[in-house]
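# Analysis of the macromolecular model
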Amino acid sequence: MACMIEAVGVHRVRAAEEPLLAAGVPLMERAAAAIAARAAQVLRGRQGAVRGAVVVVLVGPGNNGGDGLHAAARLARRGARVTVVQLGDRVHEGGLAAADAAGVAVRRAGAGPEALGLPGAARLALDADLLVDALLGIGATGALRGDAARLVRQLLAADHRPFVLAVDVPSGIGVGDGTVPGPVLPADLTLACGALAPGLLLPPAAGHAPHVELVDLDLDVPAAQPGDVGGPAEGLDAVHRLQDADVPGAWPVPRPSDDKYRRGVVGVVAGTATYPGAAVLTVGAAVRSGAGMVRYVGPAEPAAAVLAAHPEVVPGSGRVQAWVLGPGVDPEDGEQARHVQEALGEAGLGSRGYFAPTGVWGPTADAGIRPVVVDAGALAALPERCAPWVVLTPHAGELARLLGERGETLVREDIEAEPYRWARRACDLTGATVLLKGATTVVVGPGGTFSQAEAPAWLATAGAGDVLAGLLGTLLAARAEEAVQHPGLVVRLAALAALVHGRAATTANPGGPVSASMLVEALPRTIARLITREER
Ligand SMILES: NC(=O)C1=CN([C@@H]2O[C@H](COP(=O)(O)OP(=O)(O)OC[C@H]3O[C@@H](n4cnc5c(N)ncnc54)[C@H](O)[C@@H]3O)[C@@H](O)[C@H]2O)[C@@H](O)CC1
Ligand SMILES: Nc1ncnc2c1ncn2[C@@H]1O[C@H](COP(=O)(O)OP(=O)(O)O)[C@@H](O)[C@H]1O
Ligand SMILES: [K+]
């Protein structure tokens, strides 16, 4: 828990700033000082010196522009050749005065007698050693508009851009939801002022800010626990991201007193005669991530393949602590569909009580209720309403289908444009925890929101999702009783699975291609390295 990154909903940042600003704390000057210091470090690293380096600061109408103007003044005093390019008519007055006093050239972009014109502004920006994006921050609504949008489009069309430092966020991202509604200049470095906005962690916007550093402004933001999820009017309370350092505290390491049953038995319903590989991979991932035991339920052909690859697997149904349902399952296959239904029955769906917004989630202390991972073919078998301990693991196409069956008209691209929104919608409609797979994996549950971005693009390979499902099954089985009580634990375990899955891809073959089988092979040593924090 201790190390994870927290992005803070905009309303919470504003609430934390308010008393400080009322008390006259110079937050903007503090932010600007840190931005100028970091910019100077970048210039020293890239140009050898601050003095004489060419800096262009793109400045918008609000306080984000104010940050940029104050930082411009500080860099000018250090000897940088700074030009501010003002987009729009308004500009932060205090910041403008500071820039003027430091001898910074302030030029308007766009039309007008003194203006640079957009092509002129673009040339200036592209010729800089450092380009600072202080157009819009957390006050942005919708896509960049007007000249700012036009200028950024021109910059995006250029073959080469200078190093871009974004103040607070890359301007124009959906700060609260991670959307990219219009042109956005990708930032080489983003300096988040006071707190990270959710959009810095959520895809696709997060892709425009691959390196984020926090400028600590001593804001007193009350900690949100995973589980605080905010209403639609206020937006998201928090997004969390687990770090490698969180793994030792969260991974279920067996104790000497444990036996294989106490460590957790995973039941897998996966594969058909046509797709035996999915069964082998899902089971393999459960075995290799440290399940006490794995039971495989399925037809003779995949069962034979599973046993040949993993002789430790116990064939046939029996008592389990968690189920993994669906990889390689054809929803039309009568026998497997029946197994899926039986296992879903063990999730206790149809019980009353698990939609309570806080506290213990329902009549589950009788220990008869099992967490379930619902993947691929089993998604079609999902009942109308689920519970937080049911984790759906769709990719974008599967989520579009799932929501289509519940009244939304969507295609895969809609999900990819707004992953958080649609994962949240699926969670709201079903009551389940939803892990939406992608380059950045988003987990949205009644227990909070996580985003994990460890996966190298090599992981986009057939069968990788089956491995994730098996791995998550092991985690849920190990902590099954707590999982059905605490929705916050379920989202965290799902995020943990995504983190380990991504790391395993790198372990399997750092910087190069991986197959799903290699991923399975790499799981034991990936987990060992993460939980002992030793390089192997
Ligand atoms: N309040 C403070 O003293 C502090 C503010 N900080 C900075 O202030 C920023 C927030 O400032 P603001 O609340 O003024 O908001 P912004 O500076 O993000 O900009 C909001 C202004 O931009 C215009 N605008 C909004 N959406 C637009 C769009 N899509 N296209 C074109 N123009 C648009 C609006 O007219 C609005 O006035 C933070 O991101 C951060 O950089 C931090 O430095 C911390 C201290
Ligand atoms: N561009 C990408 N970069 C990194 N990881 C990705 C990317 N695209 C997909 N992934 C990951 O690869 C896995 C693919 O899973 P899935 O789509 O279910 O494939 P399959 O059904 O073949 O197993 C998921 O864990 C997903 O998060
Ligand atoms: K910005």
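Here the structure is a predicted model, which means the values were calculated and not measured. (Residues numbered from 1 in each chain as written. Chains lettered and ligands numbered in written order. Predicted model: local features only at pLDDT ≥ 70, side-chain atom pairs only at ≥ 80, totals over all residues. Heavy atoms only, no water.)

### Thoughts on the site of ligand 2
Around ligand 2 sit 16 residues in total, of which K437, G438, G463, G465 and H501 are the nearest. A distance of 3.2 Å separates an oxygen atom of ligand 2 from a polar atom in the backbone of L459. For ligand 2, whose unbound accessible area comes to 580 Å², protein coverage reaches 77%. Counting residues per element, the shell around ligand 2 draws most heavily on helix α15 (residues 464-478), at 3 residues. Within the shell around ligand 2, the residues separate by chemical class into 8 nonpolar, 6 polar and 2 charged. (Near = heavy atom within 4 Å. Polar contact = N/O pair within 3.5 Å; in protein donor to acceptor, adjacent residues only side chain to side chain. Areas by Shrake-Rupley, 256 points an atom, 1.4 Å probe, with all protein chains shown as cover. Helix = DSSP H or I, 4+ residues; strand = E, 2+ residues; numbered from the N terminus. Nonpolar A, V, L, I, M, F, W, Y, C, P; charged D, E, K, R; others polar.)

### Let's talk about the pattern of salt bridges
Under the defined criterion, the tally for this structure stands at 16 salt bridges. Two residues, R12 and E6, come together in a salt bridge whose shortest N-O distance is 3.7 Å. With its nearest N and O atoms 2.8 Å apart, the salt bridge here joins R503 to D244. One end of the pair, R503, is in helix α17 (residues 487-508); the other, D244, is in the loop between β9 (238-241) and α7 (247-250), and 259 residues separate them in sequence. (Salt bridge = Lys/Arg side-chain N within 4 Å of Asp/Glu carboxyl O.)

### Here's the deal with the domain arrangement of the protein
What the domain assignment lists for the protein is domain 1 (5-226) and domain 2 (246-354 + 372-532). Relative placement of domain 1 and domain 2: their C-alpha centres are 40 Å apart. If you look at the interface, domain 1 gives 7 residues, while domain 2 gives 12 residues. Taken together, the links from domain 1 to domain 2 amount to 0 salt bridges. Run the count over domain 1 and domain 2 and you get 1 residue pair in polar contact (both at pLDDT 80 or more). (Domains from an automatic or database assignment. Contact = heavy atoms within 4.5 Å.)

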